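# Per-entry structural report
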Amino acid sequence: MGQTKHTGPIKLPKGIQPKFWVSPIPFGLGKVKPKHIRDTMKVVWENKDNLSYAKNIITKGVCDGCALGVSGLYDQTLTGPHLCTTRLNVLRLNTMPAIKEEILHSDIDELRKLSSTELRKLGRIPYPLIRRAGERKFSRISWDEAMDIIAGKMKKLDPKQYAFYLTSRGITNETYYVAAKVARFLGTNHLDNASRICHSPSKTALNRSLGVGASTCNYKDWIGTDVLLFWGSVASNSSPVSTKYMLAAKKKGTKIIVINPYREPAMDKYWIPSVPESALFGTKIADDFYQINIGGDIAFMHGIMKHWFEMEEKEYGSAINHEFVQAHVNGYEELKAKVQEQSWDAIVQSSGVAKERIIELSELLAKSKNAVFAWALGLTMHSFATDNISQVANLALLRGFIGRKNNGLMPFRGHSSVQGTGEMGADPFVLPGGGWDKKNVERIEKLWGFELPKWQGDIVGVSLENAMLPDDHERKLKLYYLSGGNFLETMPNPKFVEKALANLDIRIHQDIILNTSTLVDAKEAVIVLPAKTRYEQEGGGTSTSTERMVYFSPEIEGNKNRIKEARAEWKIYIDLAKRVKPDTAHLVDFKDAQAIREEIAKANPNYDGIQYLKKQGDVFQWGGAWLCEDGICPTPDGKGNLIPVDIPSLDKPDGTFYITTRRGKQFNSMVFKEVDPFNDAERYDVLINPEDAKRLNILDGEGIVVYNEHGTFQGKARYAEITKGNIGLHFPEGNVLIPQGIYDGPSGIPQYSVAAKVEKAERYLAEKDTKYLEKRIDDLEDTPA
Ligand code: SF4
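Scope of this entry: the structure provided in the associated data block.

Time to look at the overall build of the chain. Along the chain, the regular secondary structure elements total 30 helices and 27 strands. Against the 2.2 N^0.38 benchmark of 28 Å for 785 residues, the chain shows a C-alpha radius of gyration of 25 Å, consistent with a compact globule. Dimensions along the principal axes, computed over C-alpha positions, put the chain at roughly 75 × 70 × 55 Å. Here the chain holds 785 residues, and 65% of them are scored as buried. The contacts of the chain with a sequence gap of at least 6 include a subset with a gap of at least 24, amounting to 78%. A total of about 28,300 Å² of accessible surface is found on the chain, and carbon and sulfur atoms cover 52% of it.

So this is what it looks like as structure tokens:
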């Protein structure tokens, strides 16, 4: 597998092509669109006190803005400069000074008045802090005191009673690896990460379908493929420079298809700042949109395949790539039987898309020699997410869209460096270089020199639930060690999350900034530890992109606002290990970052090569250009597996809406703009189909209430091109409606889509005492969400 190497960047195909323009009127005048130049000037102004360091981060560091990953200003896909406002927006996190003391030590209720955006703008955490039970303010403590308190508590607990969590805020592979090793050294497998919340179903499904857990192809494969299909992904928003690759693809004749309940404006039209033609006249991105029901993807894909089998009955080989299937695929007959048993009525009803339209796409794919399928949270944030993605793999395997140029499956990841978390073992289901099978456990035990805890660790959602267990329960979570993350604004059911966070004895927030979760009480103490950014870590660090490129980001000198007490995160984990188990801590000690990379190369054989990354611009791609090259998968028999899946029952009672949460201009829960520059929607706007709204007598802009048995959301209706029966809310604001405790079985990702009722605010408020508060919402009570 992976013999062919990535061939490096190519030039954006030349030639002005007015057929792709949004409008001949320059700069999108009169249209709702981002103001890139104005936003860039704002960033320059924000960073004015540390401009030369900011410039060095951008030109020398590996971008911490998204998982596309770029080292300095040049990428592996297209020649020419690579920069976007997402990167500029997170820049201040790396350049800002410390929080002013008088603010940092104010009454906790004063700090609680601030939103996470306001807390972020206060500046960086300057030194270790503690707030003990009953105390109104954070007080300063030394590193020694802080670490001794944490270690002292850990020594008293059963390792099943503490857990670690790592977010994706620029954390390097080195930190993920050391955290994963130290957690196991201390005896716990409760170790989870932010990437698993977003893309664990992708990994689980790709593993069972193809034996791989990452994108099988490159961004370069977009350029010139016949069809580039985005499934529940707003790639243009999460990785803005990807629009440049989309334009290059269009210029090479690629058709771009978007499947999403909402006609996302950023996937419809985009003004790409670095391409003069596009900056002036805009680019029409999607050639076609399929507006599907939330949760209707499996049925939709059944429809595509059902028509393929119908085509096959008329002409053998007209839709299925039999040569590929016979040589490289298992389970053909079982999948065919499953697909054929689905009725068109059920397919159309669940997907919300007309049969003729499904057939149109089915035939387009049947005629295409190449295709790349990319997807994101629209497919992964469901209780049936793993099946969603296996169904995408089914499509690719039947057509042989895998393991060669211009073909592949790409889980479109969001944050910088998330790809590396699981690969470094920072996840309850994996170890570096593999899973928990006997062979891999023995291999890692031999390498690490200590015995691993063998019990199954819990995912983050379950860990939070465990915080609410009775005190004497063996798994009652008493200490949570968090590297970044803001559960209050990322996990479903914020009220429950707050209770769970407050019910821990000790909570540790190792971070750069404060957020709303940091301010929640704890039964004994909240400890805050100042972390270094990725650009400050001694010996540099590496970060793995969506396309499996492992980039080296050097330590960058010259931060005028240096936080003297901040420490490299991997060093903090080692310090902790030394205090909890001093006698054997040498087993997890590393003298420098290079020593970590050398061990990673042994622990995860895919990463053999990381040890040679030493200076700015150094990069290698693990697995080569294509995983499953030539159709040969790293499964026991070398074949891909077709997986028959059922259409999930959505249990959406009549008159209710399926809701989904969407990101605006933000970086996970970090909101950068209160108004989405692509559709002018404010954060409490509810995207609703005008026909649905009119049926409920709701006017555009009018106050509405969305409610279910989990919570109530008050916002404003915004008429939008969203499939009837579906509504869109911003994340995290809409999380009050999302239940906790519902996960995708195989991967453990929480379900973020549920049914809810919608009413005019006026009517809801007038009748709320009599009609809603005392009454069970019977028809929603049994909805399994
Ligand atoms: S697209 Fe992503 S990797 Fe590229 S500059 Fe923007 S945030 Fe950074």
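It is worth spelling out the pattern of salt bridges at this point. Counted by the stated rule, this structure contains 47 salt bridges. Residue Lys113 pairs with Glu110 through a salt bridge whose shortest N-O separation is 2.8 Å. Members of the salt-bridge network, linked through shared partners, are Asp107, Asp109, Arg112, Arg131, Arg136 and Asp521.

Moving on, we come to the environment of Thr216. Here Thr216 shows up in the loop between α9 (194-210) and β5 (227-231). The class of Thr216 is buried, set by a relative accessible area of 0%. A C-alpha to C-alpha distance of 9.4 Å links Thr216 and Leu206, two positions 10 residues apart in sequence. Setting aside anything within four residues of it in sequence, one finds Thr216 in contact with Leu210, Ile402, Gly408, Leu409, Arg548, Ala625, Trp626 and Leu627.

Another point: the packing of aromatic side chains. With the rule as written, the count across this model stands at 22 aromatic pairs. Considering the side-chain rings of Tyr219 and Tyr245, the 5.5 Å spacing of their centres and the 50° angle between planes classify their relative orientation as tilted. One end of the pair, Tyr219, is in the loop between α9 and β5; the other, Tyr245, is in helix α11 (residues 242-251), with 26 residues separating them in the sequence. We classify Tyr219 as buried; its relative accessible area is 0%.

Let us look at the site of the ligand. Taken together, 13 residues lie around the ligand, and Cys63, Cys66, Gly69, His82 and Cys84 are the ones closest in. Tallied by class, residues from the shell around the ligand come to 7 nonpolar, 5 polar and 1 charged.

With that out of the way, let us pick up the pairing of strand β26 (residues 726-730). Of all 5 residues in β26, 5 are buried, a share of seventy percent or more. Looking at chain direction, strand β23 (residues 685-688) and β26 are connected through 2 bridges and run antiparallel. Looking at β26, one finds that Leu687 is bridged to Gly728.

It is worth spelling out the sheet that holds strand β18 (residues 619-621) at this point. Strand pairing in a sheet relies on backbone hydrogen bonds, with the paired strands running either antiparallel or parallel. Taken in spatial order, the 3 strands line up as β16-β17-β18 in an open sheet, and their pairing is antiparallel. Whereas interior strands pair on both sides, the edge strands pair on one side only; in this sheet they are β16 (541-544) and β18. Taken pair by pair, the neighbouring strands of this sheet meet at an average axis angle of 20°, ignoring direction. Here helix α8 (residues 173-186) sits on the sheet and contacts β16 and β17 (549-553); the angle it forms with β16, its principal contact strand, is near 95°.

Before going further, it helps to examine the packing of α8 against helix α26 (residues 569-580). As a packed pair, α8 and α26 sit with axes 8 Å apart at the nearest point and diverge in direction by 15°. Classed by the angle they form, the pair α8 and α26 counts as roughly parallel. At the point where α8 passes α26, the crossing takes the left-handed sense. Taken together, the residues of α26 that come into contact with α8 (itself represented by Glu174, Thr175, Val178, Ala179, Val182, Phe185 and Leu186) are Glu569, Trp570, Tyr573, Ile574, Leu576, Ala577 and Val580. For the contact of α8 with α26, the per-class residue count stands at 11 nonpolar, 1 polar and 2 charged.

Turning to the environment of Tyr332, a few remarks are in order. The residue Tyr332 is located in helix α16 (residues 332-340) in this model. For the pair Tyr332 and Leu398, spaced 66 residues apart in sequence, the C-alpha separation works out to 8.3 Å. Not counting residues within four places of it along the chain, the set of residues in contact with Tyr332 comprises Phe309, Ile320, His322, Val325, Leu398 and Leu642.

In spatial order, the strands read β2-β1-β15-β14-β13-β3-β4; together these 7 strands make up an open sheet with mixed pairing. The open sheet has two edge strands with one neighbour each: β2 (139-140) and β4 (191-193).

Analysis parameters
- Residues numbered from 1 in each chain as written.
- Predicted model: local features only at pLDDT ≥ 70, side-chain atom pairs only at ≥ 80, totals over all residues.
- Heavy atoms only, no water.
- Helix = DSSP H or I, 4+ residues; strand = E, 2+ residues; numbered from the N terminus.
- Rg over C-alpha atoms; globule rule 2.2 N^0.38 Å.
- Buried < 20%, exposed > 50% of the residue type's maximum accessible area, 1.4 Å probe, protein only.
- Contact = heavy atoms within 4.5 Å.
- Areas by Shrake-Rupley, 256 points an atom, 1.4 Å probe, with all protein chains shown as cover.
- Salt bridge = Lys/Arg side-chain N within 4 Å of Asp/Glu carboxyl O.
- Phe/Tyr/Trp six-rings, centres within 6.5 Å; stacked < 30°, edge-to-face > 60°.
- Near = heavy atom within 4 Å.
- Nonpolar A, V, L, I, M, F, W, Y, C, P; charged D, E, K, R; others polar.
- Pairing = 2+ DSSP bridges.
- Axes fitted to C-alpha atoms, helices over the stretch in contact; angles between N-to-C directions.
- Parallel < 35°, antiparallel > 145°, perpendicular 65-115°, else oblique.
- Left-handed = near helix turned anticlockwise from the far one by under 90°.

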